[in-house]
Amino acid sequence: MVGVGGSSPLATTRIKLNGSDLFRPVFISKNKVHTHVNVIPRIISRSEHSISRSNIDKGVLDILYTLSRSGYEAYLVGGGLRDMLLGLEPKDFDVVTNATPEQIKTVFRSRCRIIGRRFRLAHIHVGDKVIEVATFRAQSDERGDRLIDAQGMVRRDNIYGTRDEDVWRRDFTINALYYNIDDFSLVDYVGAIDDLNAGQIRLIGDPSLRYREDPVRMIRAIRFACKLGLELPKETATPLPLLAHLLAETAPARLYEEVLKLFHGGQAACVFEKLRQHGLLAGLFEQTEYCLQQASSWSAAVLPKALSQTDARIANGKGVNPAFLFALMMWEPLWTALDCDEQTLVHIDDLLKAAATVLNEQSERTSLPRPVIQQVKEIWATQLPLIHKKEKAERILALPRFRAGYDFLALRAIAAPNLQADVDFWTQVQIEHPEWLQVAVSYPESGESSRHDFDDTQQRDGHHKRRRRYRHR
Ligand code: ATP
Ligand code: MG
């Protein structure tokens, strides 16, 4: 199944490297940190695989060569390599080296910034891109700057190590291949090639232990399963519902970023289904999961279809807006909090009060940036005039979130066919009066085409101007 450009580079590898079980590492659990013994990596030479430098970003190659010329080891590692081996377009490239962040800074000087506290990393600027360069890390808790809390969660991890040590702290086997810039070989300690060929996502080490160390690995497993079309074997999947509660202890700002990666990666419908299947959705959207478990849940009827539309939008190269995602996920919690059903929600004051409550609660899990909260409220608030103030169509089309509000209403009609007449009304108004829309700030988020594609700054500026203009009327 693994291949690049039609041929299967790893099929050869698989035949040549039969008997790979010999290389399977042995894990020993010790003081909540897994260690390994005497693992000799499998080296897959350039002629046995088809990772080609022509598929690697020029800036990344430049960094790899520069580190190597400066006397350091330098490897490509992680998702970019994995994606290329699966014949997918790599999203980004991760570089790893034995140079410390300070040594990397000395090599790249002003092009390099050291970032992070939990993990110190070097960011190197190449043109308008930033390439992340990490230093090999070790798993041992016997030295250096590593902090593990009572739940087994790694809070800080800045113990530098060697490649032989670095591999064991990576999450999944398929993410733990190294591409050596010195001889263009692949280095496989953990049976990554076999797992890629078998289409399986396996953790390195004891799955429960590795999930406890960093609960985000649970949702990464789901993301990779959907993105790469791979299976979660029993040992990867079984601990998920049992450890899902640990997500509540993960930093909310990190979980917000992870939610965007999960739902804006082009496989949101799959992610949603698998998060639910493995009991993980409640760890991210507790209120939504509560609603989903009620009889005839709005979310159960609408979210799968809405998320498929998000996927289609991404597949067509259109932008997506976090606020639209959160507006969808939190819509049923909103009117459930008001103890009404969605069509009896008619008072803006009630709506805004409940919005503050449910969004604040959500922020405790996935901290929502203030502008996102504001936009979610605007998308929701637009729902009322769309149904009850049709006589003010000209003004409503000029609302900052008209387009998102309209798309949102169209999704609501999935669960409530009586709303289709309202959707049709607004579709018709837009056709008959495109000039009213011209002044509205369209927003590339929600489902269907926007009239303009603004960058963020333009959206913000435009947004304020339009609001002022609307208020003056
Ligand atoms: P993608 O970039 O497609 O999201 P990726 O696997 O490259 O996937 P990154 O977050 O870019 O993910 O991380 C790069 C590499 O760092 C991973 O491939 C993995 O080896 C390691 N890694 C990332 N996050 C973790 C984690 N939470 N625990 C252990 N290793 C991790
Ligand atoms: Mg990556």
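Residues numbered from 1 in each chain as written. Chains lettered and ligands numbered in written order. Predicted model: local features only at pLDDT ≥ 70, side-chain atom pairs only at ≥ 80, totals over all residues.

A. The overall build of the protein, seen in detail. For the protein, the helix and strand inventory stands at 23 helices and twelve strands. For the protein, the residues scored as buried account for 41% of the 473 residues in total. Contacts spanning at least 24 positions in sequence make up 67% of the contacts within the protein whose residues lie at least 6 apart. (Helix = DSSP H or I, 4+ residues; strand = E, 2+ residues; numbered from the N terminus. Buried ≥ 20, exposed ≤ 12 C-beta atoms within 10 Å, placed from the backbone. Contact = placed C-beta atoms within 7 Å.)

B. Inspection of the pairing of strand 5 (residues 94-97) at higher detail. Relative to strand 5, strand 4 (residues 74-77) is paired through four bridges, and the arrangement is antiparallel. Note on strand 5: the bridge partner recorded for Val77 is Asp94. Bridge count between strand 5 and strand 8 (residues 129-135): four bridges; the pairing is parallel. Bridging from a neighbouring strand, Asp94 pairs with Glu132 of strand 8. (Pairing = 2+ DSSP bridges.)

C. Fine view of the site of ligand 1. What surrounds ligand 1 is the set Gly78, Gly79, Lys91, Asp92, Asp94, Arg170, Asp171, Asn175, Ala176, Asp214, Val216 and Arg217. Here the residues of the shell around ligand 1 are counted per class, giving two nonpolar, three polar and seven charged. (Near = placed C-beta within 6 Å. Nonpolar A, V, L, I, M, F, W, Y, C, P; charged D, E, K, R; others polar.)

D. Representation of the packing of helix 18 (residues 370-388) against helix 20 (residues 402-415). Viewed as axis vectors pointing N to C, helix 18 and helix 20 meet at an angle of 75 degrees, and their least axial separation amounts to 8 Å. The angle between the axes of helix 18 and helix 20 places the two elements in the roughly perpendicular class. In this structure, helix 18 contributes Ile379, Thr382, Gln383 and Leu386 to the contact, and helix 20 contributes Phe402, Ala404, Gly405, Tyr406, Phe408 and Leu409. Residue classes in the contact of helix 18 with helix 20 are distributed as seven nonpolar, three polar and no charged. (Axes fitted to C-alpha atoms, helices over the stretch in contact; angles between N-to-C directions. Parallel < 35°, antiparallel > 145°, perpendicular 65-115°, else oblique.)

E. Expanded view of the sheet that holds strand 7 (residues 121-126). The mixed open sheet is built from eight strands, whose spatial order is 3-12-11-4-5-8-7-6. Each of the sheet's edge strands pairs with one partner strand only, and the pair in question is strand 3 (42-44) and strand 6 (112-115). Sheet twist, expressed as the mean angle between neighbouring strand axes with direction ignored, is 30 degrees. When strand 11 (residues 178-180) meets strand 12 (residues 186-188), the two strands line up antiparallel, connected through two bridges. From the neighbouring strand, Tyr179 faces strand 12, where its bridge partner is Leu186.

F. The arrangement of the packing of helix 8 (residues 216-228) against helix 11 (residues 252-263) in detail. Relative to each other, helix 8 and helix 11 sit at 10 degrees, their axes nearing to 10 Å. In terms of their interaxial angle, helix 8 and helix 11 are classed as roughly parallel. Taking contact as the criterion, the partners of Val216, Ile219 and Arg223 in helix 8 are, on helix 11, Arg254, Glu258, Lys261 and Leu262. Residue classes in the contact of helix 8 with helix 11 are distributed as three nonpolar, no polar and four charged.

G. Spatial organisation of helix 18. Across its 19 residues, helix 18 extends 28 Å between first and last C-alpha, which sits within 8% of the 27 Å expected from 1.5 Å per residue. Looking only at helix 18, the buried set comprises Val372, Gln375, Val376, Glu378, Ile379, Trp380, Thr382, Gln383 and Leu386. (Expected span 1.5 Å × (residues − 1).)

H. Local environment of the environment of Glu258. Relative to the helices and strands, Glu258 is located in helix 11. In this structure Glu258 comes out as partly exposed when scored by C-beta crowding, with 18 C-beta atoms within 10 Å. Beyond its immediate chain neighbours, meaning those up to four positions away, Glu258 contacts Val216 and Ile219.

I. View of the nonpolar core. With 112 residues, the main nonpolar core has Val95 and Ala327 as its most contacted residues. In terms of residue count, the dominant contributor to this core is helix 16 (residues 322-337) (eleven residues). When residues of this core are assigned to domains, at least three fall in each of domain 1 (9-202) and domain 2 (332-472). Those residues in contact with Val95 that sit more than four places away from it in its chain are Val60, Ile63, Leu64, Ala74, Leu76, Ile131 and Val133. (Core = buried A, V, L, I, M, F, W, Y, C linked by C-beta atoms within 7 Å. Domains from an automatic or database assignment.)

J. Looking closely at the environment of His278. Inspection of the secondary structure puts His278 in the loop between helix 12 (268-277) and helix 13 (281-284). Taking C-alpha positions, His278 is 8.5 Å from Ala244, a pair spaced 34 residues apart along the chain. Not counting the four nearest positions on each side in its chain, His278 is found in contact with Ile222, Ala237, Leu240 and Pro241.

K. Quick peek at unusual backbone geometry. Here Phe184, not a glycine, exhibits a phi torsion of approximately 60 degrees, which is positive. Relative to the helices and strands, Phe184 resides in the loop between strand 11 and strand 12. Judged by the 14 C-beta atoms lying within 10 Å of it, Phe184 falls in the partly exposed class. With phi around 40 degrees, Ser296 is a residue other than glycine that occupies positive phi space. Relative to the assigned elements, Ser296 resides in the loop between helix 14 (286-292) and helix 15 (298-315).

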